[in-house]
Amino acid sequence: MTNGMVVSVVMPVYNEERYIEKCVDSLLLQDYPIDEMEWIFVDGCSKDRTVEILKRYQEKYPSLIKIYSNPDKIVPYAMNIGIAASKGKYIVRLDAHADYATDYISKCVYYLENTDAENVGGIAETKANGFMGKAIAKMLSSKFGVGNSQFRTNGESGYVDTVPFGAFRREVFSKYGGYDERLVRNQDNEMNFRIRKNGGKIYLANDIRFSYYCRDSIGGISTMARKNGMWNIITMKLCPGSMGVRHFIPFAFVISVLGLGILSFIHLLFAAILAAEISLYLLLDIVFSIKQAETLREFFTLLILFPIFHVAYGVGSLIGITKLFSKKFKRGNYENKKI
C-alpha cells in the first residue's frame, strides 16, 4: 500500500454504455473516503461509448479514476492488469452490470478487517428492464432456477465456497497467483477454489448488497446459459474441483431425458421412468412459477423460462464435452478465446 491507499476497485468493462453511468454514479455515493480509493477500469476494446463516458468521469476525478486497455478482452486478463497497476491494501473486484449500495465498499473493508476471510462478498439482487427482463430476474433469484447459489437467493452470512466478484486482501494474489487467463468464464469460482484449497476462507455477508442487471431477452438468457454450461465442463477439466455439483444438474437432466428417450424404444420401463421424470420437473416448474409470479402473464412466462434456461444450460455442457475431444484441446494448444 502506498500514499494511504486502502481500496483499489478493479472493474473489467466491455461495451457497457447502457450500464456504466449508473454503476459509476453508485460508486460516487459510497460512504468510504474517496481519498483512500482508486478506481481502475480495464477496457476490453469496447466498440461503443464506454471509454468516452469513463473519460468524462476521469476529467472530473483525475486522481481517482484510471483507465487501462485490455487487448485480450476477457475478464481474467483485465483483472491481472488492474491488480498489477493497483496500490491498495484491499482489491475490490466489481462488475459494470451492477450498481452498489452506498456502504458496499465500507462493508467489504469491515469484514476483511474483522474476519479471517481472504475474500468477502455479498448478496446480489437481480434486476432487469422490461417485462421479460423482470421475469428472467425472478427466475435467476429462484432456487429452482439456480440451485443453492446463496448470493443469488438471499443466503445467510457465513463461510461459503464462493462469492460474486469479491473483495480480497492484497496478499491473496502474491500467495496464490492471479486470475487464470485460460478461463473466459468461471474465473471467480476458480480463484475462490484456489484460496480454499490452500487453507483460506471465503465469507458471504448478507448486509453487503448490490443490484445486478441480467439479460432481458429469451435469446440473451439462453445464450448466457449455453455458454455457462459449456464453460463449466471446460473449467472442470482445466481446474478440477473448482466447480460444484449444482453446476452440472442441468447437464444431468438433459442427458437423462435424452438417454431415457432412446432407451424407451427398447423397453417400456424406460418410457415410464422418463414420464415420471418429466412429470416431476413440470410439477416443480409449476410450483416455483406460482411462487415467483405476481400475475397470470408472469406465471406462464416463468413456466416457459425455467425449462428454456435449464435445457440451454445442459446443452451447453454437452457442447463443452465435444470441445474436450477437439484436436486443439487434446494437443495441448488450447486457446480460450477461440472456444
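Summary of the structure given here. Model, not experiment: these values are computed from the prediction.

### Remarks on the overall build of the protein
Step number 1: Along the protein, the regular secondary structure elements total 13 helices and nine strands.
Step number 2: Its C-alpha atoms give the protein a radius of gyration of 21 Å, within 12% of the compact-globule value 20 Å for 339 residues.
Step number 3: Referenced to the eigenvectors of the C-alpha coordinate spread, the extents of the protein come out at roughly 75 × 50 × 40 Å.
Step number 4: Taking all 339 residues of the protein together, 52% fall into the buried category.
Step number 5: Within the protein, residue pairs in contact and separated by at least 24 positions form 79% of the contacts whose partners lie at least 6 positions apart.
Step number 6: When the accessible area of the protein is evaluated, it comes to approximately 15700 Å², of which 58% is carbon and sulfur surface.
Step number 7: Averaging the coordinates of the 42 positive side-chain charges in the protein and doing the same for the 34 negative ones gives two points 8 Å apart.

### A word on the pattern of salt bridges
Pairing is possible between side chains that carry opposite charge, provided their charged atoms lie close to one another.
Step number 1: Applying the stated criterion to the full structure yields 16 salt bridges.
Step number 2: Of the charged contacts, one joins Glu52 and Arg56 as a salt bridge, the two residues approaching to 3.9 Å between their closest N and O atoms. Residue Glu52 and its partner Arg56 are both found in helix α2 (residues 50-60); the two are separated by four residues, about one turn of the helix.
Step number 3: With a closest N to O distance of 3.5 Å, Lys107 and Asp207 form a salt bridge. A residue pair is termed long-range when its members are at least 10 positions apart, and Lys107 in helix α4 (residues 104-114) and Asp207 in strand β9 (residues 202-213) qualify at 100 residues.
Step number 4: A relative accessible area of 27% places Asp207 in the partly exposed class.
Step number 5: Salt bridges sharing partners connect three or more residues here, namely Glu21, Arg49, Glu52 and Arg56.

### With respect to α4
Step number 1: Buried within α4 are the following residues: Tyr104, Ile105, Cys108, Val109, Tyr111 and Leu112. What you see down the axis of α4 is that its buried residues fit within an arc of 165°, all on one side.

### Points about the packing of aromatic side chains
Aromatic ring pairs: the centre-centre distance and the angle between the two ring planes describe each pair.
Step number 1: Scanning all chains against the criterion turns up 18 aromatic pairs.
Step number 2: A centroid spacing of 6.4 Å and a plane angle of 50° characterise the contact between Phe165 and Tyr212, whose relative ring orientation is tilted. Within this pair, whereas Phe165 is found in the loop between β7 (158-160) and β8 (167-169), its partner Tyr212 is found in strand β9, the two being separated by 47 residues in sequence. Assigned by exposure class, Phe165 and Tyr212 land together as buried.
Step number 3: Their ring planes at 25° and their centres at 6.1 Å tell us that Phe173 and Tyr179 sit as a pair that is stacked. Tyr179 shares its class with Phe173; the two are buried.

Rules used in this analysis
- Within each chain, residue numbers correspond to sequence positions counted from 1 in written order.
- In view of the model being predicted, local features appear only for residues whose pLDDT reaches at least 70, and side-chain atom pairs are presented and counted only at 80 or more, with totals across whole chains, interfaces and linings using the full set of residues.
- Working from all heavy atoms in the structure, the side-chain values ignore hydrogens and water.
- Under the DSSP-based scheme used, a helix requires at least four consecutive residues in state H or I and a strand at least two consecutive residues in state E, with every element numbered from the N terminus.
- The globule rule is 2.2 Å times the number of residues to the power 0.38, and the radius of gyration it is compared with is taken over C-alpha atoms.
- For every residue, the accessible area obtained with a 1.4 Å probe (protein chains only) is divided by the maximum for its type, and the residue is called buried under 20%, exposed over 50%, and partly exposed between those limits.
- By the convention used here, residues are in contact when the closest approach between their heavy atoms is within 4.5 Å.
- Where accessible areas are quoted, they stem from the Shrake-Rupley method and a 1.4 Å probe; at the residue level, only the protein chains shown are allowed to cover.
- Only four residue types enter the charge count, namely Lys and Arg as positive and Asp and Glu as negative; His and the chain termini do not.
- Working definition for charges: the position is that of NZ of Lys, CZ of Arg, CG of Asp or CD of Glu.
- For this document, the term salt bridge refers to a Lys or Arg side-chain nitrogen within 4 Å of an Asp or Glu carboxyl oxygen.
- Each C-beta atom gives one direction from the helix axis, and the arc is the one those directions make.
- Aromatic pairing here means that ring centres of Phe, Tyr or Trp (its six-membered ring) are within 6.5 Å. Orientation follows from the plane angle: under 30 degrees is stacked, over 60 is edge-to-face, and everything else is tilted.

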